[in-house]
Amino acid sequence: QVQLVESGGGLAQAGGSLRLSCTAIGRIVTLSAMGWYRQAPGKQREMVATITTSGNPAYADSVNGRFTISSDNAKKTVYLQMNALKPEDTAVYYCNADGLTYYNGDHLVAVRDHWGQGTQVTVSS
């Protein structure tokens, strides 16, 4: 199986910074992209930022210019540097892996939209 292990969430003041990380752990064969999504109370989950293994990033308009996504393909790790935080950034942030194949025992498994358990980010005003 594969686990997406997230860290770096916590409490920050408006204007502050946090850095999230997510590492995919398992016998991974292929991985096409990783990213971060968030879900605020009473709202649907939304894309925050994604990055392909070729290094091509994409950002939600609400975070563009404030957040930076990066990755280390060898370590199967994605990072999200969050600067100039706003109270509206408060949400549970979920790591996502796309185009994932891995060995589960002796079986090769292909999945998409594989999720971490989420890490809470709270921004106070």
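Here is what the cut-offs are and how they apply
Residues numbered from 1 in each chain as written. Predicted model: local features only at pLDDT ≥ 70, side-chain atom pairs only at ≥ 80, totals over all residues. Heavy atoms only, no water. Helix = DSSP H or I, 4+ residues; strand = E, 2+ residues; numbered from the N terminus. Rg over C-alpha atoms; globule rule 2.2 N^0.38 Å. Buried < 20%, exposed > 50% of the residue type's maximum accessible area, 1.4 Å probe, protein only. Contact = heavy atoms within 4.5 Å. Areas by Shrake-Rupley, 256 points an atom, 1.4 Å probe, with all protein chains shown as cover. Lys, Arg positive; Asp, Glu negative; His and termini not counted. Charge placed at Lys NZ, Arg CZ, Asp CG, Glu CD. Pairing = 2+ DSSP bridges. Axes fitted to C-alpha atoms, helices over the stretch in contact; angles between N-to-C directions. Core = buried A, V, L, I, M, F, W, Y, C linked by side-chain atoms within 4.5 Å. Disulfide = S-S within 2.5 Å.

## Re the overall build of the chain
A tally of regular secondary structure across the chain gives zero helices and 14 strands. Walking the chain from its N terminus toward its C terminus, one meets helices and strands in the order β-β-β-β-β-β-β-β-β-β-β-β-β-β. On C-alpha atoms alone, the chain measures out to a radius of gyration of 15 Å, which is about the 14 Å that the 2.2 N^0.38 rule sets for 125 residues. Each of the three principal axes of the chain carries a C-alpha extent, and together these read 50 × 25 × 20 Å. The buried share of the chain, taken over its 125 residues, is 37%. Looking at the chain alone, contacts between residues at least 24 apart form 58% of all its contacts between residues at least 6 apart. Accessible surface for the chain amounts to roughly 6,600 Å². Of this, 47% is attributable to carbon and sulfur atoms. Between the centroid of the 10 positive side chains of the chain and the centroid of its 9 negative side chains there is a distance of 3 Å.

## So, the sheet that holds strand S12 (residues 107-111)
Strand-to-strand pairing in sheets goes through backbone hydrogen bonds, with the strands running parallel or antiparallel. The three strands lie next to each other as S4-S11-S12, forming an open sheet whose pairing is antiparallel. The open sheet has two edge strands, strand S4 (27-30) and S12, and neither has a second partner. Across the sheet, the mean angle from the axis of one strand to that of its neighbour is 35°, orientation sign disregarded. The pairing of S4 with strand S11 (residues 100-104) spans three bridges and is antiparallel. Within S11, the residue paired with Arg27 across the bridge is Tyr103.

## A closer look at the nonpolar core
The biggest cluster of nonpolar side chains holds 31 residues, and the ones touching the most others in it are Trp36, Leu80, Met82 and Tyr93. For this core, the secondary-structure elements that each account for two or more residues are strand S3 (18-25), strand S5 (33-39), strand S6 (46-52), strand S8 (67-72), strand S9 (77-82), strand S10 (91-98), S11 and strand S14 (119-124). Residues within four places of Tyr93 in sequence aside, it is in contact with Glu6, Leu20, Trp36, Tyr37, Arg38, Val48, Phe67, Leu80, Met82, Gly118, Thr119 and Val121.

## Details of the state of the cysteines
For the structure on display, the rule yields one disulfide. A sulfur-sulfur distance of 2.0 Å marks the disulfide that ties Cys22 to Cys95. Disulfide Cys22 to Cys95: torsion about the S-S bond roughly -85°, handedness left-handed. Here Cys95 lies in strand S10 and Cys22 lies in strand S3, a separation of 73 residues in the sequence. Here Cys22 falls in the buried class, since its relative accessible area comes to 0%.

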